[in-house]
Amino acid sequence: MESRMKIAVIGAGNIGTAMAALLGGSGAEVTVTARGLRLEQIRAQGVALCDRGTWHRARPQAKQALEQVQDAVFFCVKAQALPQAVAENIAGIGPDTLVIPMVNGLPFWFFAGGAEVPFVDPEAILARHLDPQQVLGAVLLMTVRMEAGEALSSNTPTLSLGPAMGAHDRPAIARLARVLEAGGILTDVTPTIRQKVLVKLLANITTNPLSALLGDHLSTIGNSPELAALACAVADPFRAWAGDLGYALPDNRWLTDLYIDAGDFPTSMLQDARAGRALELDAIARAPMAMAEAAGHPNPALAAILAALDTHCTLPLSGSEAQIARHSLMNTISLERI
Ligand SMILES: NC(=O)C1=CN([C@@H]2O[C@H](COP(=O)(O)OP(=O)(O)OC[C@H]3O[C@@H](n4cnc5c(N)ncnc54)[C@H](OP(=O)(O)O)[C@@H]3O)[C@@H](O)[C@H]2O)C=CC1
Ligand SMILES: CC(C)(CO)C(=O)C(=O)O
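In the nomenclature of an unreviewed UniProt entry, the protein corresponds to 2-dehydropantoate 2-reductase from the organism Thioclava kandeliae. Recorded in UniProt for the protein, the comment headed Pathway (unreviewed entry) runs: "Cofactor biosynthesis; (R)-pantothenate biosynthesis; (R)-pantoate from 3-methyl-2-oxobutanoate: step 2/2." If you open the UniProt record of the protein and go to Catalytic activity (unreviewed entry), you find "(R)-pantoate + NADP(+) = 2-dehydropantoate + NADPH + H(+)".

(A) Broad picture of unusual backbone geometry. In the segment running from Leu 315 into Pro 316, the intervening peptide bond is cis, with an omega of -10°. Considering the arrangement of structural elements, one finds Pro 316 in the loop between helix H12 (300–311) and helix H13 (319–337). Positive phi values are uncommon outside glycine, yet Ala 124 reaches one of about 55°. When you line up the elements, Ala 124 lands in the loop between strand E7 (98–101) and helix H4 (125–129). Of note in the backbone geometry, Ala 148 takes a positive phi value of approximately 50° without being a glycine. The topology assignment puts Ala 148 in the loop between strand E9 (144–147) and strand E10 (150–153).

(B) Molecular detail of helix H8 (residues 225–245). Spanning 21 residues, H8 covers 30 Å between terminal C-alpha atoms, matching the ideal 30 Å at 1.5 Å per step. Burial in H8 covers these residues: Leu 227, Leu 230, Ala 231, Ala 233, Val 234, Ala 235, Pro 237, Phe 238, Arg 239, Trp 241 and Ala 242. Of the residues one or two after H8, Gly 246 is the one with positive phi, at around 100°.

(C) Expanded view of the domain arrangement of the protein. One can read the domain layout of the protein as domain 1 (6–191) and domain 2 (195–337). Every contact between the two is made by 20 residues of domain 1 and, on the other side, 18 residues of domain 2. Its residues assigned to classes, the side of domain 1 that touches domain 2 shows ten nonpolar, eight polar and two charged.

(D) Structural detail: the site of ligand 1. Every one of the 29 residues lining ligand 1 counts as a neighbour, but Gly 11, Gly 13, Asn 14, Ile 15 and Asn 104 are closest to it. Looking at the shell around ligand 1, the elements that each hand over two or more residues are helix H1 (14–23), helix H2 (36–45) and helix H3 (82–88). Here the residues of the shell around ligand 1 are counted per class, giving 14 nonpolar, ten polar and five charged.

(E) Layout of helix H10 (residues 268–275). What H10 keeps buried is the set Ser 268, Met 269, Leu 270 and Ala 273. At its buried positions, H10 is contacted by H1 and helix H6 (193–214). Within two residues after H10, Gly 276 carries a phi angle of roughly 70°, on the positive side.

(F) Spatial organisation of the packing of H6 against H12. It is at 9 Å that the axes of H6 and H12 come closest, and there the two elements cross at 30°. Of the possible angle classes, the one that applies to H6 and H12 is roughly parallel. Remark: the crossing between H6 and H12 carries left-handed chirality. For the pair formed by H6 and H12, the contact residues are Ile 205, Pro 209, Leu 210, Ala 212 and Leu 213 on the first element and Leu 302, Ile 305, Leu 306, Ala 308 and Leu 309 on the second. Of the residues assigned to the contact of H6 with H12, the class counts are ten nonpolar, no polar and no charged.

(G) How the structure looks around the sheet that holds strand E5 (residues 61–63). The five strands lie next to each other as E5-E2-E1-E6-E7, forming an open sheet whose pairing is parallel. Each edge of the open sheet is held by one strand with a lone partner, namely E5 and E7. Between one strand axis and the next, the sheet turns through 20° on average, direction left out of account. Sheet topology places strand E2 (residues 29–33) next to E5; three bridges connect them, and they run parallel. Directly across from Val 32, in E5, lies its bridge partner Ala 62. Set on the sheet, H1 makes contact with strand E1 (6–10), E2 and strand E6 (72–75); between it and E1 the angle comes to about 160°.

Conventions and cut-offs
- Residues numbered from 1 in each chain as written.
- Chains lettered and ligands numbered in written order.
- Predicted model: local features only at pLDDT ≥ 70, side-chain atom pairs only at ≥ 80, totals over all residues.
- UniProt positions renumbered as here; feature names shortened; annotations may be inferred.
- Helix = DSSP H or I, 4+ residues; strand = E, 2+ residues; numbered from the N terminus.
- Expected span 1.5 Å × (residues − 1).
- Buried ≥ 20, exposed ≤ 12 C-beta atoms within 10 Å, placed from the backbone.
- Domains from an automatic or database assignment.
- Contact = placed C-beta atoms within 7 Å.
- Nonpolar A, V, L, I, M, F, W, Y, C, P; charged D, E, K, R; others polar.
- Near = placed C-beta within 6 Å.
- Axes fitted to C-alpha atoms, helices over the stretch in contact; angles between N-to-C directions.
- Parallel < 35°, antiparallel > 145°, perpendicular 65-115°, else oblique.
- Left-handed = near helix turned anticlockwise from the far one by under 90°.
- Pairing = 2+ DSSP bridges.

Structural data, given as structure tokens:
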């Protein structure tokens, strides 16, 4: 009989809590790592996810850091926390462990064996510790937020997985996909994970920084002609760069429909801005912007949004400050089009 798969989830925020709660029903042996009060809370109460009225509850092992080698480790932290999280949990990563960074943004492994992605692995911790053959890229379509230590989601979790390097149809990857499916996570293993990463990044780069600055939710951005124009002005050079790399990304009509379909949802970056937490700007904005600019596709609209984010201590802006920032951004894109 096959032994139970050992799966770890690093970080018990929105995504980590949702993953751990779902994996509780998968038959795997699940370990979650967390810190401080959150660790105590999980030890006392377990983890819980409410998906449109249906509760998933689990009592995984809870630790501050992994002590035993795992079959698969999901890193559910913000991109800027990934190198440290990998270093702290290196005891859980053996040569055959599948490592799945569940982070938004341009991932460190994107050009595995080729160009280096700037900003995302500044001390080369990921490059030193992880073999690209064991890294699975991941794109998770799920909107999750936390309330009183419990995760709340409003759509069926859908996960695409694909190796950073090497064959996608390996037995260990297929086995992991089966376990995820058993937990209720719709999972596809794809040879085109880079295309999917860039499509997700198109949504994030165009909305996350803008929402963190102005406080707008996704459907508001889609329904406002001005905000949608700003988002599309960010999309255009990013899409042109992706095109140069050989990836065709969906058009602006598709993109604005996506914002509207996502509904009244605050992006994860807006949630961070409201909570006064660090923003995931390096992976989501600065890295792709720098690489696109170096390839001849500067992004003045995104540069203006980032400059505005840098100049304000309290985010998101509100009232007259938000109005002024919005007008100034609109001027940037109309000047650009003259
Ligand atoms: N929320 C969403 O709907 C979506 C989010 N994403 C992406 O998923 C990723 C995770 O996002 P999300 O779950 O929202 O982020 P959160 O900020 O909610 O959760 C991250 C968690 O990781 C913990 N953490 C950080 N470093 C460590 C560490 N070394 N050891 C243990 N725990 C650690 C943090 O703990 P502490 O509080 O102690 O710092 C925090 O609880 C991001 O890249 C995000 O962009 C993707 C799709 C949708
Ligand atoms: C939901 C979505 C796609 C918004 O851009 C997201 O990934 C986020 O909030 O970070």
